[in-house]
Amino acid sequence: FFETSLESFGFVFTRPESKFHLCKQPGSIGLNLDRALLGDFKATKSFLEEFERHMEDDGNLHKSLRNTYEKEGNEFEMERHQSLVRLLLGVNTLQPQILEYLLEKLPECSSPEDSQLACQIVNQLRWLDHVVD
């Protein structure tokens, strides 16, 4: 449900060897996802469970914290957009649980070799447009 929902709104999950995801119509993904999940507790719960499973893989975690790109005409013309995690933080229905997940992940990144991951997580939280109560 997690991947199919996002893909139906224009998000493109790339192969594992790719360093980033692709995102078509980034402005409308969050809005459409919020509309789809609003008031549907079961769908929201399913989405979040699959999100957490997706993020258990280190490769997916790192890729989901990186900016997404939208291909223009050819492969060398790409427009940069916010990361998948940042995009999901903009969805009111999901934000509290995504924030909780990220904050719980921070202590796991406390070793020196994981400091870059911790910085990436904190950067997702910086300059949020709003925080849902």
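Treat the numbers as computed from the prediction; the structure is a model and nothing was measured. (Residues numbered from 1 in each chain as written. Predicted model: local features only at pLDDT ≥ 70, side-chain atom pairs only at ≥ 80, totals over all residues. Heavy atoms only, no water.)

## What about helix α7 (residues 115-125)?
Spelled out, the test is: Exposed residues in this analysis have more than 50% of their type's maximum accessible area, buried residues have under 20%, and partly exposed residues fall in between, with area computed by a 1.4 Å probe over protein chains only. Runs of E in the DSSP output that reach at least two residues are strands. Runs of H or I that reach at least four are helices, and both are numbered from the N terminus. In this description, the arc belongs to the directions extending from the helix axis to the C-beta atoms. Only heavy atoms enter the contact rule, under which two residues are in contact if any of them lie within 4.5 Å.
Within α7, the full set of buried residues consists of L117, A118, Q120, I121 and Q124. End-on view of α7: buried residues confined to an arc of 160°, all on one side of the axis. Elements that come into contact with the buried residues of α7 comprise α4 (58-65), α5 (84-89) and α6 (95-105). Taken from the residues just after α7, W127 is the one with a positive phi, measuring 60°.

## Observations regarding the pattern of salt bridges
Applicable threshold: We count a salt bridge whenever a side-chain nitrogen from Lys or Arg sits within 4 Å of a carboxyl oxygen from Asp or Glu.
Inspection of every chain in the model, using the stated rule, returns two salt bridges. A salt bridge links K45 to E49, with the nearest nitrogen and oxygen atoms 3.9 Å apart. Here K45 pairs with E49, and both are found in helix α3 (residues 41-56), just four residues apart, close to one helical turn. Residue classification places K45 among the partly exposed residues on the basis of a relative accessible area of 44%. On the basis of relative accessible area, E49 is assigned to the partly exposed category, the value being 39%. As a salt-bridge pair, E108 and K105 come within 3.1 Å of each other at their nearest N and O atoms. Assessed through its relative accessible area of 13%, K105 is described here as buried.

## Describing the packing of α3 against α4
Pairs of packed helices are described in terms of their axes, by the angle between the two and the distance that separates them. Put simply, the rule is: Orientation is described by axes fitted as lines to C-alpha atoms, over the contacting stretch for helices, and by angles from 0 to 180 degrees between their N-to-C directions. Roughly parallel means an angle under 35 degrees; roughly antiparallel means over 145; roughly perpendicular covers 65 to 115; every other angle is labelled oblique. Each residue receives one of three labels: charged for Asp, Glu, Lys and Arg, nonpolar for Ala, Val, Leu, Ile, Met, Phe, Trp, Tyr, Cys and Pro, and polar for the others, Gly being one of them.
α4 packs onto α3 with a crossing angle of 105° between their chain directions and a minimal axis gap of 5 Å. As judged from the angle between their axes, α3 and α4 are roughly perpendicular. Along the contact surface, α3 presents H54, M55 and E56, while α4 presents D58, N60, L61 and S64. For the contact of α3 with α4, the class distribution of residues is two nonpolar, three polar and two charged.

## A look at the packing of aromatic side chains
For clarity, the threshold we go by: Only rings of Phe, Tyr and Trp enter the pairing, Trp through its six-membered ring, and a pair is recorded when the two centres are within 6.5 Å. The plane angle decides the type: under 30 degrees is stacked, over 60 is edge-to-face, the rest tilted.
Taken as a whole and judged by the stated rule, the model has six aromatic pairs. Ring geometry for F2 against F47: centres 5.1 Å apart, planes inclined by 65°, an arrangement best described as edge-to-face. Residue F2 is found in helix α1 (residues 2-8), and its partner F47 is found in helix α3; the two are separated by 45 residues along the sequence. As far as burial versus exposure is concerned, F2 and F47 are alike and both buried. Pairwise contacts between aromatic rings join F1, F2, F11, F13, F47, F51 and Y101 into one cluster.

## A closer look at helix α2 (residues 26-37)
Quick note on the threshold: Expected span of a helix, by definition, is 1.5 Å for each gap between consecutive residues, and there is one gap fewer than residues.
Between its first and last C-alpha, α2 extends 17 Å over twelve residues, near the 16 Å set by a 1.5 Å rise per residue. For α2, the full list of buried residues reads P26, I29, G30, L33, D34 and L37. Relative to the axis of α2, the buried residues are bounded by an arc of 120° and lie together on one face. Facing away from the buried side of α2 by over 90 degrees, the exposed positions are G27 and R35. Positive backbone phi, approximately 80°, marks G39, located one or two places after α2.

Spatial relationships are all this shows, so hold off on functional conclusions.
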